[in-house]
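Fold and geometry: a report
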Amino acid sequence: MPPKLAQILRDNCYVDKLAPWFDAFPRDRFLLLDSDDLRGDVPVRQRILDDVHDFLELPAHAYATEDLDLLGNFHLASNATVLPLLRRTVNCLPVLVDCERRLEALLDAPPGAFDWCARARADLPDAGDVRLASSRPPVPRPSPMPTPKPRKKKRRSWWRGAGPDI
């Protein structure tokens, strides 16, 4: 597996990151948010911040529209920066689908609660299923070397030539 793909899979298998935290702290100490919601309309972003305020037991606060626009503009972490076909391909890999199922079990969520593969397919309905291939050209295999013919060994003496007179 190419190292970049392995890194993407590790970064996107959230269950492996959450499980140790859930072992160390009570679950009611966590508020999990779907980052796709942060890319939604301004009222949706305000609702998310209201949920955060409630979770932290802070008073409600009405954010200015320009602040909420800034919140929705995190392009570096956005799915918009990933080609839809690549996102669809990666999200539908069996290893990530398995991560989703384990995350659903960890969070006691109903089956299919996340289903990132289905979301990615809905974003790109006309694309067929894609198989990942290595981006590197195949390495040519060397041709087999001919078997060398055995050589006759010459007898060599440890004594070469005449030595000094004794």
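Model, not experiment: these values are computed from the prediction.

**Topic: the overall build of the protein chain**
When its secondary structure is counted, the protein chain shows eight helices and zero strands. The order of helices and strands in the protein chain, counted from the N terminus, is α-α-α-α-α-α-α-α. Of all intrachain contacts in the protein chain linking residues separated by at least 6 positions in sequence, the fraction that spans at least 24 positions is 57%. Looking at the protein chain as shown, the accessible area adds up to about 13,700 Å², and 59% of this sits on carbon and sulfur atoms.

**Focus: the nonpolar core**
By size, the foremost hydrophobic cluster in this structure holds 13 residues, and its most contacted members are Leu-9, Val-15, Leu-103 and Leu-106. Within the residue set of this core, elements represented by two or more residues are helix 1 (3–12), helix 2 (14–24) and helix 7 (94–106). Here this core gets four residues from one element, more than from any other, and that element is helix 7.

**Thoughts on helix 1**
For helix 1, the full list of buried residues reads Leu-5, Ala-6 and Leu-9. Viewed along the axis of helix 1, the buried residues span an arc of 100 degrees, placing them on a single side of the element. Projecting away from the buried face of helix 1 at angles above 90 degrees are the exposed residues Pro-3 and Lys-4.

Conventions and cut-offs
- Residues numbered from 1 in each chain as written.
- Predicted model: local features only at pLDDT ≥ 70, side-chain atom pairs only at ≥ 80, totals over all residues.
- Heavy atoms only, no water.
- Helix = DSSP H or I, 4+ residues; strand = E, 2+ residues; numbered from the N terminus.
- Contact = heavy atoms within 4.5 Å.
- Areas by Shrake-Rupley, 256 points an atom, 1.4 Å probe, with all protein chains shown as cover.
- Core = buried A, V, L, I, M, F, W, Y, C linked by side-chain atoms within 4.5 Å.
- Buried < 20%, exposed > 50% of the residue type's maximum accessible area, 1.4 Å probe, protein only.
- Arc of directions from axis to C-beta.

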